[in-house]
Amino acid sequence: MYEAFYGFREKPFNLTPDPKFLYLSGKHHEAFAHLEFGLRQRGGFMVVTGEVGTGKTTLCRYFLDRLDQNTLSAFILYPALGATDLLRSVNRDLGVEGTGGTDKDLVDALHRFLLASHESGKSIVLVIDEAQNLSRDVLEQVRLISNLETDTEKLIQIVLIGQSELNDKLAQNDLRQLAQRITARYHLTPLEGRELKQYIRHRLAVAGGIGQVDFTSGAFRAIRRYSKGIPRLINLICDRALLAGYVLERNEIDARTVRRAAKELRLGTSSGVWSRRLARGGLTAAATAAVAGVVFLDPWRDAKSVSVVSQENEKPTPLSSSEINELFEARLMTLSADASRQAASAVLLERWGVRLVGGVAAISQLEEMSALADRAALEYSELETDLMQLRALDMPAVLELKHPSQESSLYTVLTGLDESDAVLYFAPGDFFRVPVHVLLKFWNGRARLFWRDFDALDAADVPSRLAWARGKLEILGMLPEDARESATGLTDAVKSLQRKVHLEADGNVDPNTRMALYSLAGDYRTPRLMTP
C-alpha cells in the first residue's frame, strides 16, 4: 500500500523470508564463531540459546550451510519426539541403513555408520533446534549418542539450539553429565541500539527507499523500547509505522508514529510478556508461517548461491545473478569504513592462523593493518594492483572498495578467485560469491596483504638475501644452470619472476618480491586463494 509513496520496490519489513534482506548482526557472527570453535575442538556438545525471534534458527541454517564437504549433518527441527523416534530421524537424515528395530538396533547401526565415516575422513554433526522441548529421556538418549567415540575423539558432535529455558534444563542435577560435556556455549541477545539502526537501514536500502524515508533518533529509541531488539518485532513495528506515515503523508517516521504503531499492535514495553505471546503462538497464523522460513548464503556452490528455505518446502529456491548482485551492493551500503577495515583485518588474520579472543569486541579494537601485522609477527604490503597480479601471487588480500553512496573507502577480503567469480569476506562468517565484473565495479585497485618472512631474512645482509633468492628461483626452475653463479643471471631471473607476478621488473629483491617468492616456492605453509 505504501510502497509507491516511499519509492520502495517492495515492502522492506515483510515477515516472509527473502535473502536480499539477510542481515547477520555482530552477535550472530560471534555465535557462529563459537560454533566453529566447538567444531574444531571435536568435543561433545555445543549450545546456542536465545529468546524467541532473535534469529536462532537462521543462525542454525547459516552454520549448517557452511559445513565443508567432509562434514555430514542431521538436522532435527521438531524435537518433541520420543527417544526411539529421535534415533530414527537421526539415522534417516544421515542415510544410515536400517531405521527399524529396537533402540539398541538403531544405535548399533548408527555406531557402524559413524565408524565407517570416521575411517573415510568424514565428520558428523547433529543439530537439534527448539531443544528446550526435549524431554529428559530424550536428552539422556542424546547424551548416549555423544558417547560413541574412538580411543581419541568423538565420532559425532551435537549442537543444541533453543530458548533460554534450555539453559535452565541443562543446569538441573540429573543432566549434569551432559552439561559437563558442553565445549562451546553462546546466548544470543537482542539487537542493541547501533545494530538495530543498521538492521532497519539495511532493509530500507535493499527495498530501494534510500532518501525517500527516514526514521528519527526518537523513532529508533521507541522501536528499541517496544521491540526490545527482537528482529521479528522490529519488522512488525516498522511495517505498521510506515503504513501510518503513508496515511499521514509523512516522509519522516518519528517516535509518535512508532508509539501509534505499537499501540495498534498491542505491544507493551514488557519484553517478557511479548516473548511469551510469541512462544505460545501470539502471532497470526499467516505471520507464523511467514517467519518460519530462514535465509542463508552459500558462496561455495554455484553462482546462484543465495537461497530461501521454508519448513513447508525444504528445497532451496536459488536467486538469479542479478538478485545476488543487488544483495551484494545493498550489503556495501550498510558498511562503515572503520568497522569494515577492522572486520576485514580479522578475516585476514584468521587466514594466517591468528584467531582473536573476544569476538566482535576484540575486532572493534584493532589498529591500522601495518601495526596489526607487526603485532602478529607478519609482514605487510600495499599494492596498486589488478586481479591478474593477485591471482599470480595466490594469496588472500584486503581490497579497498568505493561505493557512490559512501564517502569513505570500504574493505573486504578476497579469499577465492577464478576467471568468472570471486569470494569476498566482510567479516568472519559473512561472505559473498559474486561475478568478477561486480567486484570490479566497486574495487579501486588497491590491495593490502599480510605475508610471513619465514626465514627471518636480515634486510641489511644483502649477500644472504641474494643467496636465499637464488635458492628459491632454482626451486621454481627459473634460474638457468649456466646462470647460477652469475650476478647478471640472478638479476635476470629475479626480473623474470617479477614479470610473472606483475611487479616492476627492476631485479631488486625487495619486500614484495620476497613475498612472491615465499608464496610461489611452495615449501611454506601460506594461505591460498581458493577456487569458488
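Residues numbered from 1 in each chain as written. Predicted model: local features only at pLDDT ≥ 70, side-chain atom pairs only at ≥ 80, totals over all residues. Heavy atoms only, no water.

**Structural notes on the overall build of the chain**
What the chain contains, in helices and strands, is 23 helices and 16 strands. Residues classed as buried in the chain amount to 52% of the 532 residues present. Looking at the chain alone, contacts between residues at least 24 apart form 69% of all its contacts between residues at least 6 apart. Summed over its atoms, the accessible surface of the chain is roughly 23,700 Å², and 47% of this surface lies on carbon and sulfur atoms. (Helix = DSSP H or I, 4+ residues; strand = E, 2+ residues; numbered from the N terminus. Buried < 20%, exposed > 50% of the residue type's maximum accessible area, 1.4 Å probe, protein only. Contact = heavy atoms within 4.5 Å. Areas by Shrake-Rupley, 256 points an atom, 1.4 Å probe, with all protein chains shown as cover.)

**Regarding the sheet that holds strand β11 (residues 379-384)**
Spatial strand order, β11-β16-β12-β13-β14-β15: six strands in an open sheet with antiparallel pairing. In the strand order of this sheet, the two ends are held by β11 and β15 (430-435), each with one partner. Here the strands of the sheet are splayed against their neighbours by 30° on average, with no regard to which way each runs. Relative to β15, strand β14 (residues 421-427) runs antiparallel, the two sharing six bridges. Bridge pairing links A422 to V434 in β15. In the packing of helix α16 (residues 337-351) onto the sheet, the strands contacted are β12 (397-401), β13 (410-417), β14 and β16 (443-451), and the crossing angle to β13 comes to about 30°. Sheet strands in contact with helix α23 (residues 511-521) are β11 and β16, and its direction is about 70° off that of β16. (Pairing = 2+ DSSP bridges. Axes fitted to C-alpha atoms, helices over the stretch in contact; angles between N-to-C directions.)

**Some points on the packing of helix α4 (residues 83-94) against helix α6 (residues 136-146)**
Remark: α4 packs on α6, axes separated minimally by 9 Å, with the N-to-C direction vectors making an angle of 40°. The angle between α4 and α6 places the two elements in the oblique class. Note that α4 runs across α6; the crossing there is right-handed. Between α4, through A83, L86 and L87, and α6, the contact on the second element is made entirely by V138, Q141, V142 and I145. (Parallel < 35°, antiparallel > 145°, perpendicular 65-115°, else oblique. Left-handed = near helix turned anticlockwise from the far one by under 90°.)

**A short note on the sheet that holds strand β1 (residues 45-50)**
Read from one edge to the other, the open sheet built from five strands follows the order β2-β3-β4-β1-β5, with strand pairing classed as parallel. Pairing within the sheet leaves two strands with one partner each, and these edge strands are β2 (71-76) and β5 (182-188). Along the sheet, successive strands turn relative to each other by an average axial angle of 15°, direction set aside. In this sheet, strand β3 (residues 123-128) lies alongside β2 in parallel orientation, the contact comprising six bridges. Of the residues in β3, the one forming a bridge with I76 is I128. Contacting β1, β3, β4 (157-162) and β5, helix α2 (residues 26-41) runs over the sheet at an angle of about 170° to β5. On top of the sheet, α4 reaches β2 and β3; it is set at about 140° to β2, its chief contact.

**Some words on the packing of aromatic side chains**
Going through the model one piece at a time under the given rule, you end up with 16 aromatic pairs. With a centroid separation of 5.7 Å and 70° between ring planes, the pair formed by F5 and Y246 is classed as edge-to-face. Of this pair, F5 sits in helix α1 (residues 3-6) while Y246 sits in helix α11 (residues 231-247), placing them 241 residues apart in sequence. On the accessibility criterion, Y246 (29% relative accessible area) is partly exposed. (Phe/Tyr/Trp six-rings, centres within 6.5 Å; stacked < 30°, edge-to-face > 60°.)

**Section: the side chain of Q141**
With respect to the helices and strands, Q141 occurs in helix α6. In contact with Q141, not counting residues within four places along its chain, are A83, L87, D103 and V107.

**Some thoughts on the environment of E153**
For E153, the position within the fold is in the loop between α6 and β4. Assessed through its relative accessible area of 22%, E153 is described here as partly exposed. E153 sits 112 residues away from Q41 along the chain, and the two C-alpha atoms are 9.6 Å apart. Not counting residues within four places of it along the chain, the set of residues in contact with E153 comprises R42 and H118.

**Quick word on the pairing of β12**
Within β12, five of the five residues are buried, which leaves it mostly tucked inside the rest of the structure. Burial of β12 is two-sided: the residues A397, L399 and L401 facing one way and the residues V398 and E400 facing the other way are all buried. In this sheet, β16 lies alongside β12 in antiparallel orientation, the contact comprising three bridges. Counted as the bridge partner of L399 is A447 from β16.

**Here we look at the environment of F328**
Summarising the element assignment, F328 is placed in helix α15 (residues 321-332). For the pair F328 and V434, spaced 106 residues apart in the sequence, the C-alpha separation amounts to 7.7 Å. If near-sequence neighbours (up to four positions away) are discounted, F328 is found in contact with L424, F426, F432, V434, V438 and F442.

**Overview of a positive patch on the surface**
Taken together, the side chains of K197, R201, R221, R225, R250, R256, R259 and R260 define a basic patch exposed on the protein surface. Looking at the positive patch element by element, the count peaks at three residues for helix α12 (residues 255-264). By the secondary structure assignment, R225 is in helix α10 (residues 217-227). (Patch = residues over 30% accessible without salt bridge, like charges linked within 9 Å, V, L, I, M, F, W, Y side chains within 5 Å. Salt bridge = Lys/Arg side-chain N within 4 Å of Asp/Glu carboxyl O. Lys, Arg positive; Asp, Glu negative; His and termini not counted. Charge placed at Lys NZ, Arg CZ, Asp CG, Glu CD.)

**Section: the nonpolar core**
In terms of nonpolar packing, the biggest core is built from 68 residues, with F328, L399, L401, L414, F450 and L473 touching the most fellow members. If near-sequence neighbours (up to four positions away) are discounted, L399 is found in contact with L390, L410, Y411, T412, L414, L424, L439, W443, R446 and A447. Residues Y6, V258, L267 and A330 belong to the second largest nonpolar core, which totals 37 residues. (Core = buried A, V, L, I, M, F, W, Y, C linked by side-chain atoms within 4.5 Å.)

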